[in-house]
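The chain contents come next:
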Amino acid sequence: GSRTFMLFEETKTFLCNTGIAHWGNDARVDSAEMHDCALGAFFFGSSALHNGLVNTASKNPNNAIRYFANGWPGTYTRMGFQFYDTWVQTILSNVTFRHFHSAIRGDCAVRYMDHSDHYTPQGINSVIKLTFQDVDPNSVVCIQHCGVMCNPKNNVSTMSSR
């Protein structure tokens with residue numbers, strides 16, 4: 001058969017660690033909503049998220065999601081979308097991010113993660129028509145300086161951190 005995109009339409013996730021994760025190639029997500037998720041979405045390969053809503057804190061009294069970044073306990077953070085720098089091509093278009101606060105704690109609407117200069121940088125990703133509602137200015141876009149093996153004590157300069 002011929003190569004085609006996997007299409008996910010009208011998808012809603014809530015109260016989970018990761019709303020939508022796709023590890024394969026060629027995914028398109030259209031009209032998705034992620035509510036009260038620690039990480040709204042991330043993709044590998046060639047992918048796109050169109051017409052999305054990432055709402056990190058709804059009025060649900062049970063939205064006490066805790067995400068431990070990179071497996072280190074005590075790092076409490078909420079992320080809307082995470083870009084990777086390892087051979088991915090991602091498009092975000094017409095996506096709304098809501099209620100990201102406390103940049104001190106690590107909340108981040110759009111996060112770029114990089115491992116090292118040895119991987120393709122996220123310059124191959126694209127965004128258009130992103131909306132941020134009730135989002136702290138310091139929580140709009142963040143870069144995680146991962147370094148080798150994502151060791152938080154490693155201050156390796158990467159393409160993203162320059």
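Keep in mind that what you see is a predicted model, and the values were worked out from it rather than measured.

1. Section: the confidence of the model for the protein chain
Atomic detail in the predicted coordinates should be set aside for any region of low pLDDT.
Inference 1: Summarising the model, the protein chain shows a mean pLDDT of 77, and 68% of its residues fall at 70 or more.
Inference 2: In the model, residues 154-162 has pLDDT below 50 throughout and makes 20 contacts with residues more than four positions away in sequence or in other chains.

2. Considerations on the sheet that holds strand S9 (residues 126-135)
Inference 1: Here 5 strands make up an open sheet; going across it, the order is S1-S3-S5-S7-S9 and the pairing parallel. Single-partner strands in this sheet number two, and they are strand S1 (6-14) and S9. The average angle at which neighbouring strand axes cross in this sheet is 10°, direction not considered.
Inference 2: Across 9 bridges, the pairing between strand S5 (residues 46-55) and strand S7 (residues 89-100) is parallel. What sits directly across from Leu 53, in S7, is Thr 96.

3. Points about the environment of Phe 132
Inference 1: Here Phe 132 lies in strand S9.
Inference 2: Along the backbone, Phe 132 and Thr 96 are 36 residues apart, and their C-alpha atoms lie at a distance of 5.9 Å.
Inference 3: Once residues lying within four places of it in the same chain are set aside, the contact partners of Phe 132 are Phe 97, Ala 109, Val 110 and Val 140.

4. A look at the packing of aromatic side chains
Inference 1: Inspection of the entire model under this criterion finds 7 aromatic pairs.
Inference 2: Aromatic pair Trp 23 and Phe 42: ring centres 5.6 Å apart, planes at 85°, arrangement edge-to-face. Of this pair, Trp 23 sits in the loop between strand S2 (18-22) and strand S3 (27-35) while Phe 42 sits in strand S4 (residues 39-43), placing them 19 residues apart in sequence.
Inference 3: A relative accessible area of 62% places Trp 23 in the exposed class.
Inference 4: Take Phe 42: its relative accessible area is 7%, and that puts it in the buried class.
Inference 5: Among the aromatic residues, ring-to-ring pairing joins Trp 23, Phe 42 and Phe 44 into one connected group.

5. As for the state of the cysteines
In protein chemistry, a disulfide is the covalent bond that joins the sulfur atoms of two cysteines.
Inference 1: Applying the stated criterion to the full structure yields 1 disulfide.
Inference 2: Between Cys 108 and Cys 142 runs a disulfide, and the two sulfur atoms are separated by 2.3 Å. Because the torsion about its S-S bond is 120°, the bridge between Cys 108 and Cys 142 counts as right-handed. Here Cys 108, found in strand S8 (residues 108-114), pairs with Cys 142, found in strand S10 (residues 141-145); they are 34 residues apart in sequence, far enough to count as distant. Accessibility classification places Cys 108 together with Cys 142 in one group, the buried group.
Inference 3: No disulfide involves Cys 16; its nearest neighbouring cysteine sulfur is the one of Cys 37, lying 3.2 Å away.
Inference 4: Its relative accessible area of 4% is what places Cys 37 among the buried residues.

6. Observations concerning the side chain of Asn 125
Inference 1: Topologically, Asn 125 is positioned in the loop between S8 and S9.
Inference 2: Look past the residues within four positions of Asn 125 in its chain and what remains in contact with it is Phe 83, Tyr 84, Val 88, Gln 89 and Thr 90.

7. What to know about the nonpolar core
Inference 1: Grouped together as the largest cluster of nonpolar side chains are 19 residues, with contacts concentrated most on Ile 20, Met 34, Phe 43, Leu 49, Phe 81, Leu 92 and Phe 97.
Inference 2: Counting only elements with at least two residues in this core, the list comes to S3, S4, S5, strand S6 (79-83), S7 and S8.
Inference 3: It is S7 that contributes the most residues to this core, 4 residues altogether.
Inference 4: If we ignore the near neighbours within four places in the chain, the residues touching Leu 49 are Val 29, Ala 32, Met 34, Phe 43, Phe 81, Ile 91, Leu 92, Ser 93 and Val 95.
Inference 5: Core analysis: the second largest hydrophobic core is formed by 9 residues, Leu 39, Met 79, Val 88 and Met 113 among them.

The rules behind the values
Residues numbered from 1 in each chain as written. Predicted model: local features only at pLDDT ≥ 70, side-chain atom pairs only at ≥ 80, totals over all residues. Heavy atoms only, no water. pLDDT = per-residue confidence, 0-100. Contact = heavy atoms within 4.5 Å. Pairing = 2+ DSSP bridges. Helix = DSSP H or I, 4+ residues; strand = E, 2+ residues; numbered from the N terminus. Axes fitted to C-alpha atoms, helices over the stretch in contact; angles between N-to-C directions. Phe/Tyr/Trp six-rings, centres within 6.5 Å; stacked < 30°, edge-to-face > 60°. Buried < 20%, exposed > 50% of the residue type's maximum accessible area, 1.4 Å probe, protein only. Disulfide = S-S within 2.5 Å. Core = buried A, V, L, I, M, F, W, Y, C linked by side-chain atoms within 4.5 Å.

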